[in-house]
Amino acid sequence: MVGTVGCCARAATGHTAAAPAPSRVMNSRRVTAQCGKNSFHVVGHDKRGAIILRQKWSRGQIETRLANLPPCLIGMEACVGAHHLSRKLEMLGHDARLAKYVRPYSKGQKNDFRDAEAIAEAVQRPTMKFVATKTAEQLDLQALQRVRERLVSQRTGIINQIRAFLLERGVAVRQGLRFLRAELPRILAAPCDALSPRMLRVIEDLAGDWRRLDERIEGLSSEIEALARQDKECERLMTVPGIGPIVSSAMVAAIGTGDAFSKGRDFGAWLGLVPKQISTGDRTILGSISKRGNRYLRTLFVQAAWVVLVRIGPKHWDRYGLKSWIEAAKKRLHHNVLAIALANKLARIAWSVLACGRAFEASKIQAA
């Protein structure tokens, strides 16, 4: 039985929540479910592909009813809560698959049962790429990363606001977080005539918010670093140049051991670090990078590339076997394009480290 569970909280009109006939459920070979917050729209198919089950189940019913099924293929769209349910179904012996590119298989008017039927079509395609089910540890690590990302964004907004308020009063501070951090106490201690008492209070309150965010970000960063030091995959990833605890833990949280990708090139394409391709006939047209996939992880890899180019510097490129490649690329690429190309290279190296289960070895890159 192939079943699809669809993700939508709305109920389709004209369908009841009555319990399905036991024979229909047991004869299903493929089940697909459209997952919602409180309800699941389930469609079951027999071995010939005919629909034999179309029901709306509550969240409390889904596990109980699927537990009574013989092992079958169960398809769901990758969404919030799908990883938890996928782990539960795999424990019951089912083949749970999380589909991502479902929209092309949707037919006619949209409702939750039509969405479930589209998922059923998608999970059968031999070339369909599925989202790997995340473990509870991966989701915990991902939650820490997302909270830290939000706090960093809020801190950046506060810093920009302080700069704007000072600049409106004719007080300009050199660009860079560390310069504003060093100058702000002096500005508040000995204010100029352009800053009114009210504006001083506003800036002092913003500086207090900045300090509190710094403390929370530091606490989360320390927790993430401690978890990365205890994880074998993260330790291996940190042997790659430019990759530290934040990048390594974010990568492990996103892809686990990298089994969802057959090669490093696929991982780089999933990150959106490859050019868009619009080709036809004998013409191959490459544009800017596609920026698909995990935006946060892509940003971290670009930052890792800048660390290699600027902080590590040319003196140590040879240590990692990157000197000849970077020097050749510098002659033909703009420095921003070079950073993206290097980020793609580091991403492919990082995937190889995960997939092979070995630390980064520069000598092998040099020999290659």
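What counts and what doesn't
- Numbering of residues starts from 1 in every chain and runs along the sequence as written.
- Confidence filtering applies because this is a predicted model: local features only for residues at pLDDT of at least 70, side-chain atom pairs given and counted only at 80 or more, and all residues used for totals across whole chains, interfaces and linings.
- Values shown for side chains rest on all heavy atoms present in the structure; no hydrogens or waters enter the calculation.
- Runs of H or I in DSSP of at least four residues are treated as helices and runs of E of at least two as strands, each being numbered from the N terminus.
- Throughout, radius of gyration means the C-alpha value; the globule benchmark is 2.2 Å times the number of residues raised to the power 0.38.
- Each residue is assigned to one of three classes by its accessible area relative to the maximum for its type, calculated with a 1.4 Å probe on protein chains only: buried under 20%, partly exposed between the two thresholds, exposed over 50%.
- Only heavy atoms matter for contacts: two residues are in contact if any of them lie within 4.5 Å across the pair.
- Think of a salt bridge as a Lys or Arg side-chain nitrogen and an Asp or Glu carboxyl oxygen that are within 4 Å of each other.
- Only C-alpha atoms enter the line fits that serve as axes; for helices the fit covers just the stretch in contact. Angles between N-to-C directions range over 0 to 180 degrees.
- Here the angle decides the label: under 35 degrees means roughly parallel, over 145 means roughly antiparallel, 65 to 115 means roughly perpendicular, and every other value means oblique.
- Note on convention: the crossing is left-handed when the near helix lies turned anticlockwise from the far helix by less than a right angle, right-handed when the turn is clockwise.
- Put simply, Ala, Val, Leu, Ile, Met, Phe, Trp, Tyr, Cys and Pro go in the nonpolar bin, Asp, Glu, Lys and Arg in the charged bin, and everything else, Gly too, in the polar bin.
- Pairing between strands requires that DSSP locate at least two bridges from one strand to the other.
- For the purposes of these results, a polar contact is taken to be a pair of N or O atoms within 3.5 Å, where, inside protein, one atom must be able to donate a hydrogen and its partner to accept one; residues adjacent in sequence count only when each atom of the pair is a side-chain atom.

Caption draft 1: Representation of the overall build of the chain. Along the chain, the regular secondary structure elements total 15 helices and 9 strands. Relative to the globule expectation of 21 Å for 368 residues, the C-alpha radius of gyration of the chain, 26 Å, shows a markedly less compact shape. Seen along its three principal axes, the alpha-carbon backbone of the chain occupies a region of about 80 × 60 × 45 Å. By residue count, 41% of the 368 residues in the chain fall in the buried class. Long-range pairs, those at least 24 residues apart, make up 62% of the contacts in the chain with a sequence separation of at least 6.

Caption draft 2: Representation of the pattern of salt bridges in the model. All chains considered together, the criterion is met by 14 salt bridges. Of the charged contacts in the structure, one is a salt bridge between E149 and R295, with a shortest N-O distance of 2.8 Å. One end of the pair, E149, is in helix α5 (residues 136–168); the other, R295, is in helix α11 (residues 295–312), with 146 residues separating them in the sequence. Each of R155, R181 and D214 takes part in one network of salt bridges that share partners.

Caption draft 3: Region of interest: unusual backbone geometry. Its identity as a non-glycine residue notwithstanding, K291 has a phi of 55°, on the positive side. Mapped onto the secondary structure, K291 falls in the loop between β9 (286–289) and α11. Taking relative accessible area as the criterion, K291 reaches 56% and is therefore assigned exposed.

Caption draft 4: Focus on the packing of α5 against helix α7 (residues 197–230). Running from N to C, α5 and α7 cross one another at 155°; their axes reach a closest spacing of 9 Å. As far as their axial angle goes, α7 and α5 are roughly antiparallel. In this structure, α5 meets α7 at a crossing whose hand is left-handed. Taken together, the residues of the contact of α5 with α7 break down into 21 nonpolar, 4 polar and 7 charged.

Caption draft 5: Just the pairing of strand β2 (residues 30–35), in detail. Counting buried residues along β2, 6 of its 6 residues qualify, which places the element largely inside the surrounding structure. Where burial is concerned, the two faces of β2 agree: the one with R30, T32 and Q34 and the one with V31, A33 and C35 are both buried. With 4 bridges connecting them, β2 and strand β5 (residues 73–77) associate as parallel partners. Each residue of the ladder has a partner; that of A33, found in β5, is M76. Pairing geometry for β2 and strand β3 (residues 39–45), over 6 bridges, is antiparallel. Within the sheet, the bridge partner assigned to Q34 lies in β3 and is H41.

Caption draft 6: Spotlight on the packing of helix α13 (residues 323–330) against helix α14 (residues 335–356). Two elements in contact, α13 and α14, have axes whose closest approach is 10 Å; the angle formed by their N-to-C orientations is 150°. Classified by the angle between their axes, α13 and α14 sit roughly antiparallel to one another. As for how α13 packs across α14, the hand of that crossing is right-handed. Residue-level contacts link W325, I326, A329 and K330 of α13 to L338, A341, L342 and K345 of α14.

Caption draft 7: Local environment of the side chain of H41. Here H41 shows up in strand β3. At 3.5 Å, the side chain of H41 and the side chain of D112 are in polar contact.

Caption draft 8: Broad picture of the side chain of D115. Tracing the sequence through the fold places D115 in helix α4 (residues 112–124). Among residues more than four places away in sequence, those in contact with D115 are Q34, S106 and K110.

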